[in-house]
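Structural features, examined
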Amino acid sequence: MATLLQPEKVLYLVRGEKKIRVPLSQLYFCRYCSELRSLECVSHEVDSHFCPSCLENMPSAEAKLKKNRCANCFDCPCCMHTLSTRATNIPAPLPDDPTKTTMKKAYYLACGFCRWTSRDVGMADKSVASGGWQEPENPHTQRINKLIEYYQQLAQREKLERDRKKLARRRPFMPQAFSQHTIHVVEKYGLGTRLQRQRSGAPISALYGLSLKEGEDQKEITIEPAQALDEVEPLPEDYYTRPVNLPEVTTLRQRLLQPDFQPAGASQLHPRHKHLLMKRSLRCRKCEHNLSKPEFNPTSIKFKIQLVAVSYIPEVRIMSIPNLRHMKESQVLLTLTNPVENITHVSLYTCEEEDPDDINSTAKVLVPSKELVLSGKDAAAEYDELAEPQGFQDDPDVVAFRKSNKIGFFIKVVPQREEGDVTVAFKLRHDFRNLAAPIRPTEEGEATSEAIWLTHHVELSLGPLAT
Amino acid sequence: MPLFEGLGSGGEKTAVVVDLGAAYTKCGFAGETGPRFIIPSEIKRAGSPEAVRVVQYNINTEELYSILKEFVHLLYFRHLLVNPRDRRVVIVESVLCPSHFRETLSRVFFKHFEVPSVLFAPSHLMSVMTLGIQSALVMDCGYTETLVLPESLERVPILSAWEALPMGGKAIHRDLQRGMKIQEARFNLDGSAERPAPPPDVEYPLDGQKILHVKGAIRDSVAEMLFEQDNEEKSIATLLLDTLVKCPIDTRKVLSENLVIIGGTSMLPGFLHRLLSEIRSLVEKPKYRDALATKSFRIHSPPAKPNCTAWLGGAIFGALQDILGSRSVSRDYYSETGRIPDWCCLSTPLPDSVYEAGKMPPPLMKRAFSTEK
């Protein structure tokens, strides 16, 4: 569908940190700043997490605990497809009567794409359909946790010392009583009142401070330093003689999907839980208002807040392009669509001679000088076959046709270059009624919102010259 | 799990730890035992069929800025799934990273993603943190280059004794592509001078249609390039020995018995064994025999795969919330001064110079932890 509409032919200029030229369908409009915003000049935030295969929403606390992985779904370690649980019947002896056997269900994981199964890796079949599969644990977890605790202790000691120095420096006039001795005492018996008051936002240090109160030697965590080895394992002899079994060797991509283990052999590739995806909300950087906020439900594609540019700014589309010849004037038919419900007045201007925005145009353009009036978008008019004449007096040289909220108009283009694509640019000025502005108490009969005039720089790429 | 992980309200959120390598990027959270993702350091752009490398040092700032911005966007919103504004960032980097790259990267983080603070941690120092020892000689065999840096007592890098060689995975790739000069394998397990029979050939299927025939001889000799000595008689093994020669004499024994090898290229099967054997044989050569008295070499095995060791060190450091804040460059400092402190630039004042009266080392080389009582 995107190629049918060819949105890349018409670009709107966004004045953010950098000047970006983007089709209107990819832009957002901040109602409060009254400016166009592109994806580069808004701040992105993670809104909600969900699993792409079971479409289950996951609250962010749970996501953090599960390391952003779904609890029920697995990924095939070979081809990254989603695994499905299959069941077989196996005979198993009844618990009360060992002689009779009954069929019990056993479940295993299988990939529909590459035919990998959990039995290939040696994982036993489980008797419950879900929840039985465990990921293997990293063997170094204990050592790493001990290291972290040890360093935490050192860090905390450094912080205490730093604070002590800070305290000592900050109070050159402190009374003799609060001398080095007192500081030692304070340190030894836990955080004194003064230090505690200063660090009100640090409950964690307070926790450690409590433990040190009992005596500094009690919680001293030491770790044994790592031992270096004299000899390492040599390359196995059979590397030179054994032919390589390619299906057994894991590719680098498969290996790196499991950073903790990185197995070299495919028989050690265990499946991992599926990684979640997230929904994103966008926020204008200047006024901090939300521009786009999706629904919470993963199955819904609607938005709670959707300030997209196509629903506020009139859109220009190219309808037909005649043969363009060098230095010959041709008429191009464009359409202008009004997305809002009230009448919009649009005027077009050519760019000035030394316009800094106008860097790409390769042709001169003559736009209609009169103001174009667009009627409001009326949802019911779509179904109304007998459209009433709208009573607009249109100049037939300028306006080709008019249909509910859309008009077609001509512009005249004179290509200036002999070769290359023809690009033209002009300014589009329209009035915008800000319905988001707070409604001041007005008397009857006054307009409830003021119209402000917005100007946008539009660039059209009309294709190559006719040969 | 440490006790306070359960206290959700107190303390700040865990920091994000990123190791931007030339070939692969490791990203994850502080306090965890391994990176969440190891992804190739490249982005796909709509225009070109090939992926664009992220870690490039020769392109202009604007292009680098947009590439880095896209890549970091992917990291946050496809892999880590967190808000950039909430968490501090620890970037594990090589000490030889050009300032221009660092500054562009920090501009991306501060200006575009508005992170609260950034800490640039040297990868060699971080690897030593995973072992719990005081000093070590760290060799990072990465994609573009191999860099050796010793860390002595109190974990201060001896910056004057660094050695580097542009030999890494990239050189091996280049050789394979050029369809190579086959070197003779000079070294054997049993010490004999003969070359063993080459390993069997491999037929490697590509794309479902083509098959790549890899001759056996290439399989065993292409990695030889890492160990052959070039015109300056430098190879990976001599790097280590040269570094030892440059270090102060009293540290040499300690360093040689605490070797740490990190980096993806060192995960080649048999690499460590070959490296040790090369070192042991080179030490007998006249060049080193007189200079180095120590003959014992020992290798550590860190609690992580060699390509994640530096990341793990960064994660351990990032879990120390007490001091992470004070050692990072905060957003306020960056918006005031507009630059990040660099070890090679003396003009940046220390942010907390009040406390360091007397000793003024450049910020990155601060003592990792003071153990004074």
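Preceding this section is the structure that the text describes.
This section reports on the structure supplied with the text. Nothing here was measured: the structure is a model prediction, and the numbers come from that model.

On to the overall build of chain B. Each helix and strand counted, chain B has twelve helices and 15 strands in total. Every one of the 373 residues in chain B was classed for burial, and the buried ones make up 55%. Residue pairs in contact within chain B that sit at least 24 positions apart in sequence constitute 65% of those at least 6 positions apart. For chain B, the exposed surface amounts to about 16,500 Å²; the carbon and sulfur share of it is 53%.

Spatial strand order, 6-5-11-12-13 (chain A): five strands in an open sheet with antiparallel pairing. Each edge of the open sheet is held by one strand with a lone partner, namely strand 6 (57-58) and strand 13 (303-306) of chain A. Judged from the eight bridges that link them, strand 5 (residues 42-50) of chain A and strand 11 (residues 277-284) of chain A form a sheet pairing that is antiparallel. Opposite A:Ser48, over in strand 11 of chain A, you have A:Lys279 as the bridge partner. Packing of helix 1 (residues 61-80) of chain B onto the sheet brings it into contact with strand 5 and strand 11 of chain A, and relative to strand 5 of chain A it is tilted by some 25 degrees.

Hydrogen bonds between backbone groups are what pair the strands of a sheet, and the pairing can be parallel or antiparallel. Residues and elements named next belong to chain A. Taken in spatial order, the six strands of this open sheet run 2-1-22-21-16-18, and their pairing is antiparallel. On the outer flanks of this sheet lie strand 2 (19-22) and strand 18 (372-374), each paired with one strand and no other. Going across the sheet, the axis of each strand differs from the next one's by a mean of 30 degrees, ignoring polarity. Here strand 1 (residues 10-15) runs beside strand 22 (residues 451-464); their pairing, made up of three bridges, is antiparallel. Residue Tyr12 lies in a different strand from strand 22, and its bridge partner there is Val458.

In this section: the interface of chain B and chain A. For an interface, size is often stated in terms of accessible area lost upon the parts coming together. The partner chain A presents 72 residues to the 88 residues of chain B that form the contact. With both sides pooled, the region where chain B packs onto chain A buries about 6,800 Å², and carbon together with sulfur makes up 58% of that total. For the pair chain B and chain A, the interface holds five salt bridges. Between B:Lys69 and A:Glu40 there is a salt bridge, with the nearest N and O atoms lying 2.6 Å from each other. If you look at where chain B meets chain A, you find 17 residue pairs in polar contact (both at pLDDT 80 or more). Residue contributions to the side of chain B that touches chain A peak at seven residues, all from helix 1 of chain B. Taken together, the residues of the side of chain B that touches chain A break down into 46 nonpolar, 21 polar and 21 charged.

Within this structure, the stated rule accounts for nine aromatic pairs over all chains. Ring geometry for B:Tyr57 and B:Phe101: centres 5.3 Å apart, planes at 80 degrees, overall edge-to-face. Taken together, the positions of B:Tyr57 in the loop between strand 5 (52-53) and helix 1 and B:Phe101 in helix 2 (residues 99-112) put the pair 44 residues apart, joining distant regions of the chain. For B:Phe101, a relative accessible area of 5% translates into the label buried. Ring-pair connections join several aromatic residues into one group, and the members of that group are A:Phe29, A:Tyr312 and A:Phe432. Here the basic side chain of A:Arg119 rests over the ring of A:Tyr108, its NZ or CZ set 4.1 Å away from the ring centre. Above the face of the B:Phe120 ring, B:Arg102 is positioned so that its terminal group lies 4.6 Å from the ring centre.

Residue and element names in this part refer to chain A. If you walk through the whole model with that rule in mind, you get 26 salt bridges over all chains. Put simply, Glu35 and Lys286 hold a salt bridge, and the shortest N to O gap is 3.6 Å. You can see Glu35 sitting in strand 4 (residues 35-37) and its partner Lys286 sitting in the loop between strand 11 and strand 12 (290-294), a full 251 residues away along the chain. Arg119 serves as the salt-bridge partner of Asp125, at 2.8 Å between the closest nitrogen and oxygen. By relative accessible area, Asp125 is classed as partly exposed at 29%. Given a relative accessible area of 40%, Arg119 falls into the partly exposed group.

So, on to the nonpolar core. Formed by 49 residues in total, the largest nonpolar core has its most connected members in A:Tyr12, A:Leu36, A:Leu336, A:Ile411, A:Val413 and A:Leu460. One finds A:Val46, A:Met278, B:Leu20 and B:Leu75 within the second-largest nonpolar core, a separate group that totals 47 residues.

Definitions and limits used
Residues numbered from 1 in each chain as written. Chains lettered and ligands numbered in written order. Predicted model: local features only at pLDDT ≥ 70, side-chain atom pairs only at ≥ 80, totals over all residues. Heavy atoms only, no water. Helix = DSSP H or I, 4+ residues; strand = E, 2+ residues; numbered from the N terminus. Buried < 20%, exposed > 50% of the residue type's maximum accessible area, 1.4 Å probe, protein only. Contact = heavy atoms within 4.5 Å. Areas by Shrake-Rupley, 256 points an atom, 1.4 Å probe, with all protein chains shown as cover. Pairing = 2+ DSSP bridges. Axes fitted to C-alpha atoms, helices over the stretch in contact; angles between N-to-C directions. Buried area = accessible area lost by both parts, 1.4 Å probe. Salt bridge = Lys/Arg side-chain N within 4 Å of Asp/Glu carboxyl O. Polar contact = N/O pair within 3.5 Å; in protein donor to acceptor, adjacent residues only side chain to side chain. Nonpolar A, V, L, I, M, F, W, Y, C, P; charged D, E, K, R; others polar. Phe/Tyr/Trp six-rings, centres within 6.5 Å; stacked < 30°, edge-to-face > 60°. Lys NZ or Arg CZ within 6 Å of the ring centre and 35° of its normal. Core = buried A, V, L, I, M, F, W, Y, C linked by side-chain atoms within 4.5 Å.

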